[in-house]
Structures are given as C-alpha cells and as structure tokens.
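Residue-level listing of the chains:
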Amino acid sequence: MTATLAAGCAAVGGAAIRSAQVTATADSAALAAADAAIGIVGGVPCERAAQVVASAGLDLAACELAGVVATVEVAGSVGVFRVQARARAGPPA
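One numbering rule holds for all chains: residues counted from 1, following each sequence as written. Since the coordinates come from a predicted model, pLDDT governs what is reported: local features require at least 70, and pairs of side-chain atoms require 80 or more to be given and counted, while whole-chain, interface and lining totals use all residues. Side-chain calculation: all heavy atoms of the structure are included, whereas hydrogens and water are not.

Asks: Can you walk me through the overall build of the protein chain in this structure?
Replies: Only runs of H or I of at least four residues qualify as helices and only runs of E of at least two qualify as strands under DSSP, and these elements are numbered from the N terminus. The number of helices and strands found in the protein chain is two helices and three strands. Going from N to C terminus, the protein chain has its helices and strands arranged as α-α-β-β-β. Taking all 93 residues of the protein chain together, the buried fraction comes to 27%. In the protein chain, the share of contacts with a sequence separation of at least 24, taken over all contacts with a separation of at least 6, comes to 42%. Accessible surface area values rest on a Shrake-Rupley calculation with a 1.4 Å probe, where residue burial reflects the displayed protein chains alone. Of the roughly 5400 Å² of accessible surface on the protein chain, a fraction of 60% belongs to carbon and sulfur atoms. When a residue's accessible area, from a 1.4 Å probe over protein chains only, is under 20% of the maximum for its type it is buried; when over 50% it is exposed; and in between it is partly exposed. For this analysis, residues touch if any pair of their heavy atoms sits within 4.5 Å.

Next up, the structure:
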C-alpha cells in the first residue's frame, strides 16, 4: 500500500515539474515567435518557436500569428500524463 502511494505521489510530482517546464517553454517560444514577427530577430516566427520547443525536447502543438501577436501551444508527456501549455506574446497594447 505504501509503495503504491509513494509511486503515485512520485508520478504526480513528476507531472507537476514537467508542467512547469512546458509552461516556461511555451512562454519562451511565444516570445521568440513574436520577436521574429516584429522583426527584432530574423526568421519565420513559427519556425523560431519550433526551434525553442525542440531544444527543450517538447512538441509544438500549435503556432498562430495575428499580426505581430504569436500564440503557441506546447505539449510534453511524463509517464501516462500529457501536459500542455499555451502562451501568447506580442508588443504591449
């Protein structure tokens, strides 16, 4: 019983850590895409986002541009858990 409980807590803890990583990566990817859309850095916005996400070992589930505002969705997994995060970045309103 105790071993099962410990394994369950470890799995949930691992998912929480992975969720934080996915969220941070989504933020970074959205910023990279928005920087490219604005012209601060060269490249295609969603390709920039994909590079950031790939370097973290995660999946870019979606990337959309509305003018110079980038919205990305990043996904990853830990065990049987699938974690996703969405982030948006662009110039101040």
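We are not done yet, so read on.
Asks: What should I look at first to understand the pairing of strand β1 (residues 59-66) in this one?
Replies: Taken residue by residue, a regular strand's side chains alternate between the two faces of the sheet. Whether two strands pair comes down to DSSP finding at least two bridges between them. Examined bridge by bridge, β1 and strand β2 (residues 69-78) share seven bridges and lie antiparallel to one another. Paired with leucine 60 across the strands is valine 74, a residue of β2. Count of turn residues in the β1/β2 antiparallel hairpin: two residues, of which glycine 67 carries a positive phi of about 70°.

Asks: Got a minute to help me understand the side chain of threonine 71 in this structure?
Replies: Looking at the secondary structure, you find threonine 71 in strand β2. By relative accessible area, threonine 71 is classed as buried at 17%. Those residues in contact with threonine 71 that sit more than four places away from it in its chain are Ala62, Cys63, Glu64, Arg86, Ala87 and Arg88.

Asks: Quick question: what am I supposed to make of the state of the cysteines here?
Replies: Covalent bonding between the sulfur atoms of two cysteines is what defines a disulfide. By disulfide we mean two sulfur atoms from cysteines, separated by a distance within 2.5 Å. Summed over the entire model, instances satisfying the criterion amount to one disulfide. Note on cysteine connectivity: cysteine 46 is disulfide-linked to cysteine 63, with sulfurs 2.1 Å apart. With the S-S bond torsion at -85°, the cross-link from cysteine 46 to cysteine 63 turns out left-handed. You can see cysteine 46 sitting in helix α2 (residues 45-55) and its partner cysteine 63 sitting in strand β1, a full 17 residues away along the chain.

Asks: Before we go on, may I ask you to explain the nonpolar core in this structure?
Replies: Soluble globular proteins: nonpolar side chains tend toward being buried together. The criterion is simple. A nonpolar core is a set of buried Ala, Val, Leu, Ile, Met, Phe, Trp, Tyr and Cys residues joined through side-chain atoms within 4.5 Å. Residues Val22, Ala26, Val72 and Val74 are the most contacted members of the largest nonpolar core, which totals 16 residues. Elements with a minimum of two residues in this core: α1 (2-38), α2, β2 and β3 (81-89). The leading source of residues in this core is α1, at six residues. Here valine 74 is in contact with Val22, Thr25, Ala26, Val53, Leu58, Asp59, Ala61, Val83, Gln84 and Ala85, once residues within four sequence places are set aside.

Asks: Please explain the side chain of glutamate 73 as it appears in this structure.
Replies: On the secondary structure map, glutamate 73 appears in strand β2. We count Lys and Arg on the positive side and Asp and Glu on the negative side, and we leave His and both chain ends out. For salt bridges, the criterion is a side-chain nitrogen of Lys or Arg within 4 Å of an Asp or Glu carboxyl oxygen. Arginine 86 provides the closest opposite charge to the buried, unpaired glutamate 73, separated from it by 4.3 Å. At 3.4 Å, the side chain of glutamate 73 forms a polar contact with the side chain of glutamine 84. Apart from residues lying up to four places away in sequence, glutamate 73 is in contact with Asp59, Leu60, Ala61, Ala62, Gln84, Ala85 and Arg86. Each polar contact in these results corresponds to two N or O atoms within 3.5 Å; when the atoms are within protein, one needs to be able to donate a hydrogen and the other to accept it, and residues that are neighboring in sequence are counted only if both atoms are side-chain atoms.

Asks: Any chance you could explain the sheet that holds β2 here in plain terms?
Replies: Hydrogen bonding along the main chain pairs the strands of a sheet, whether they run parallel or antiparallel. Taken in spatial order, the three strands line up as β1-β2-β3 in an open sheet, and their pairing is antiparallel. Edge positions in the open sheet fall to β1 and β3, since each of these has one partner strand only. For this sheet, the mean inter-axis angle between neighbouring strands, taken without regard to orientation, is 10°. Axes, fitted as lines to C-alpha atoms, cover a helix only where it is in contact. Angles between the N-to-C directions of the axes lie from 0 to 180 degrees. Lying over the sheet, α2 contacts β1 and β2, oriented at roughly 155° with respect to β1.

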